[in-house]
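Fold and geometry: a report
If you want the building blocks of each chain, they are given just below.
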Amino acid sequence: MREINRASAIRAEGLSKIYREGATELRALQEVDLEVRAGELTLLMGPSGSGKTTLLSILGCILRASEGNLEILGEDVSALREKELPRIRREAIGFVFQGFNLFPALTAAENVALALDVRGVRGGDARQQGEELLAEVGLAEKARSFPADLSGGQKQRVAIARALAGNPPILLADEPTAALDWTSGRTVIELLQRLAREQGRAVVMVTHDPRVLSFGDRIIHLEDGRIVREEAGASKAIASLAFLEGLPGQGSIQAVGL
Amino acid sequence: MGLLARRNLFHDKVRFAVTLTGIVFALVLIIIQFGLFLGFTTTTSNNIDHSNADLWVVFHGVGYFDMGRNFSERKFYQVLSTPGVERAEKYMQAFARWKRPDGRVENVQVIGFHPGSGLGEPWNMVQGSVADLKQEDSVIVDELYREKLGVERIGDRIEIGDHRARVVGFTRGIRSFTTSPFIYAKFKNSLDYTNPESSEDSTAYILVKASAGITSQELQRRLRERLADVDIYTTAEFSRKTRFYWMFTTGAGLAVLTAALLGLVVGVAVVAQTIYAATMDHIREYGTLKAMGATNRYLYRVLIEQAVWSALLGYGLAMIVAHFIVQASEKGGAIILMPWSMSLGMLILAVVMCVAAALVSINKVTRIDPAMVFRG
Ligand SMILES: Nc1ncnc2c1ncn2[C@@H]1O[C@H](COP(=O)(O)OP(=O)(O)O)[C@@H](O)[C@H]1O
Ligand SMILES: [Mg+2]
């Protein structure tokens with residue numbers, strides 16, 4: 001059971017990305033190897049400009065790597081043609097953005113319905129699934145509200161409901177809490193954590209915020225386009241340290257998580 | 001996606017008002033310019049088109065209506081004696097001086113015809129009747145030129161070519177595209193008014209009605225064989241030649257045509273700019289859609305649907321505005337015509353312009369920039 005949940009959702013090997021602008025070249029990613037597993041909340045950390053968004057875009061098949069291999073749910077997408085990538089995004093991936101990117105002219109329910117429409121789900125099915133998704137993020141009663149009438153935290157939860165349309169096994173979130181106060185941010189992270197742990201999704205979240213570290217199962221540090229360090233998240237660290245050293249978990253959080 | 005297209009249009013009401021204004025402005029501009037062009041061309045051949053004749057016999061080399069040149073009446077009898085001719089009438093047009101009751105002088109274009117013949121008669125009578133022209137020295141004028149000609153009502157007296165004459169009727173909407181209004185009189189009087197020296201047994205045109213059972217073309221061939229020194233045109237041919245002359249040989253027509261084409265260019269530019277700006281306003285949303293897995297096809301459909309809605313609403317409003325302008329032009333100096341074919345053409349033009357403008361921006365929309373969708 002556990003083994004199935006932890007199956008590899010994304011496998012990247014030797015990913016490099018070079019941005020070319022005229023004569024200048026910028027190596028945004030260099031030889032990144034990464035495996036993202038289902039059932040885990042993977043945090044991607046690093047200073048501004050270290051390549052986090054670039055990596056997330058490549059993992060999400062919005063951007064193509066200059067070099068390297070990428071497998072999504074066992075399918076080699078680096079070999080796919082450009083035209084086939086939207087299908088991968090529809091079937092495998094949900095995106096959550098720092099700026100929410102909700103459609104301001106549509107209500108919360110319609111924002112979710114649009115993501116279903118893109119996947120060919122319409123009419124009564126769309127309505128029912130839309131309601132379920134909003135209930136999932138605790139916003140059933142806001143279905144008819146427009147984004148302008150929602151708080152930042154509520155907007156991001158609607159955006160997560162939308163990202164869940166089509167039930168993608170992978171969720172990619174780029175600094176989803178950066179625009180939120182800690183209370184709302186915490187709700188969002190707990191939600192993402194739950195989607196990983198309870199629903200077995202592979203969730204990758206880019207973040208700057210050290211307060212969220214304790215929620216991650218793995219923390220990957222990026223600097224200058226390279227993965228410089230990887231560590232187990234607080235909760236797992238507690239478990240493993242407790243197991244190895246027989247110590248009470250509480251004391252270890254400081255040492256490992258922060 | 002239909003929902004997104006419609007909601008995006010109406011969501012920002014100011015932006016939508018600007019878009020619609022742009023489209024309506026462009027369409028109305030094009031309608032006015034082409035309507036003027038059409039009004040001009042129609043006006044130049046108006047007397048020919050309403051002549052009710054099948055064939056026009058004109059002096060050899062006369063290329064258009066306003067250039068009539070007299071030839072001997074003998075041709076008229078030759079025409080009359082040709083088998084297949086049901087009826088033929090002498091007809092002329094020439095310029096004359098019109099002296100108003102207050103003594104001021106205006107130039108007019110006199111049309112001479114045979115009242116009661118049904119050929120070459122004025123149309124759209126609103127006061128009096130064509131038959132009243134059988135009286136000596138009576139004329140019919142158009143109500144548009146009441147003021148210019150200094151006449152108010154039936155019975156008003158004026159002088160035309162130094163002959164006293166009386167207004168016996170008014171038409172509605174028979175316009176001249178020159179500054180000289182048309183004056184209708186019986187053939188004999190028209191000669192007196194325009195060229196007192198010319199002999200009574202000459203004519204500038206012969207209007208011919210073909211008998212039942214013979215086509216205009218057949219009769220045209222027959223007359224060509226029998227008559228020398230004259231050209232014989234079907235009414236449609238002579239109408240086309242006249243319109244073509246005024247349109248392309250004179251500066252007048254070219255000016256109107258150039259204005260129409262400029263109107264089209266400006267209109268297209270305004271619509272393109274308007275729709276492009278409206279699309280760019282939502283560029284981030286299209287990027288998000290793309291990240292969500294929407295295909296380019298899906299995006300095209302959203303864009304096109306939005307453009308079609310803009311076009312249809314803009315068209316509807318433009319038609320209302322144009323309707324009032326066209327109506328106002330009926331009493332003005334230049335008529336603006338908007339036949340149903342033009343209304344239909346405008347609808348197609350509106351949709352094509354809007355969709356094309358939306359598609360111009362599609363490159364930007366479909367080439368998703370991840371930095372954009374991820375920006376906070
Ligand atoms: N579209 C682009 N064209 C050129 N350079 C880019 C582009 N996107 C990002 N970069 C550069 O690549 C590097 C990594 O950017 P990014 O992935 O956005 O980093 P992060 O998300 O960690 O802040 C930065 O130096 C950035 O300026
Ligand atoms: Mg970033």
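Cut-offs and rules
- Residues numbered from 1 in each chain as written.
- Chains lettered and ligands numbered in written order.
- Predicted model: local features only at pLDDT ≥ 70, side-chain atom pairs only at ≥ 80, totals over all residues.
- Heavy atoms only, no water.
- Helix = DSSP H or I, 4+ residues; strand = E, 2+ residues; numbered from the N terminus.
- Buried < 20%, exposed > 50% of the residue type's maximum accessible area, 1.4 Å probe, protein only.
- Contact = heavy atoms within 4.5 Å.
- Buried area = accessible area lost by both parts, 1.4 Å probe.
- Salt bridge = Lys/Arg side-chain N within 4 Å of Asp/Glu carboxyl O.
- Polar contact = N/O pair within 3.5 Å; in protein donor to acceptor, adjacent residues only side chain to side chain.
- Patch = residues over 30% accessible without salt bridge, like charges linked within 9 Å, V, L, I, M, F, W, Y side chains within 5 Å.
- Areas by Shrake-Rupley, 256 points an atom, 1.4 Å probe, with all protein chains shown as cover.
- Lys, Arg positive; Asp, Glu negative; His and termini not counted.
- Charge placed at Lys NZ, Arg CZ, Asp CG, Glu CD.
- Domains from an automatic or database assignment.
- Nonpolar A, V, L, I, M, F, W, Y, C, P; charged D, E, K, R; others polar.

With respect to the secondary-structure elements, Glu40(A) resides in the loop between strand S2 (24-37) and strand S3 (41-45). The exposure class of Glu40(A) is buried, given its relative accessible area of 1%.

Turning our eyes to something else, we now look at the environment of Ile183(B). Residues and elements named next belong to chain B. Looking at where isoleucine 183 falls in the secondary structure, it is placed in strand S9 (residues 182-186). Along the primary structure isoleucine 183 and alanine 94 are separated by 89 residues, whereas in three dimensions their C-alpha atoms are 9.9 Å apart. Residues within four places of isoleucine 183 in sequence aside, it is in contact with Trp98, Val108, Gln109, Val110, Ile111, Val139, Ile140, Val141, Leu149 and Ile160.

With that settled, the discussion passes to the interface of chain B and chain A. Counting residues at the interface gives 23 residues for chain B, matched by 28 residues for chain A. The largest share of the area that chain B buries against chain A comes from Arg7(B), Met292(B) and Phe374(B), three residues that together contribute 32% of it. For the pair chain B and chain A, the interface holds one salt bridge. A salt bridge links Glu110(A) to Arg7(B); the nearest nitrogen and oxygen atoms lie 2.5 Å apart. The tally of links from chain B across to chain A stands at eleven residue pairs in polar contact (both at pLDDT 80 or more). For the side of chain B that touches chain A, the secondary-structure elements that each account for two or more residues are helix H1 (2-11), helix H10 (283-291) and helix H14 (370-374) of chain B. For the side of chain B that touches chain A, the leading source of residues is H10(B), giving six residues.

Residues and elements named next belong to chain B. Relative to the helices and strands, proline 181 is located in the loop between strand S8 (163-171) and S9. Measuring from C-alpha to C-alpha, the distance between proline 181 and valine 110 comes to 8.3 Å, with 71 residues separating the pair along the chain. Beyond its immediate stretch of four places on either side in the chain, proline 181 contacts Asn107, Val108, Gln109, Tyr145, Lys148, Leu149 and Ser176.

Our focus in this paragraph is a negative patch on the surface. A cluster of acidic residues, Glu13(A), Glu31(A), Asp33(A) and Glu67(A), forms a negative patch on the protein surface. When you line up the elements, Glu31(A) lands in strand S2.

With that settled, consider the domain arrangement of chain B. All names here are of chain B. Here chain B is partitioned into domain 1 (2-43 + 251-374) and domain 2 (61-228). A separation of 46 Å is found between the C-alpha centroids of domain 1 and domain 2. Across the contact, nine residues belong to domain 1 and four residues belong to domain 2. Taken as a group, Phe40, Thr43 and Ile335 account for 68% of the area that domain 1 buries against domain 2, more than any other trio of residues on that side. The interface formed by domain 1 and domain 2 contains zero salt bridges. Taken together, the connections running from domain 1 to domain 2 amount to two residue pairs in polar contact (both at pLDDT 80 or more). Split into classes, the residues belonging to the side of domain 1 that touches domain 2 amount to three nonpolar, four polar and two charged.

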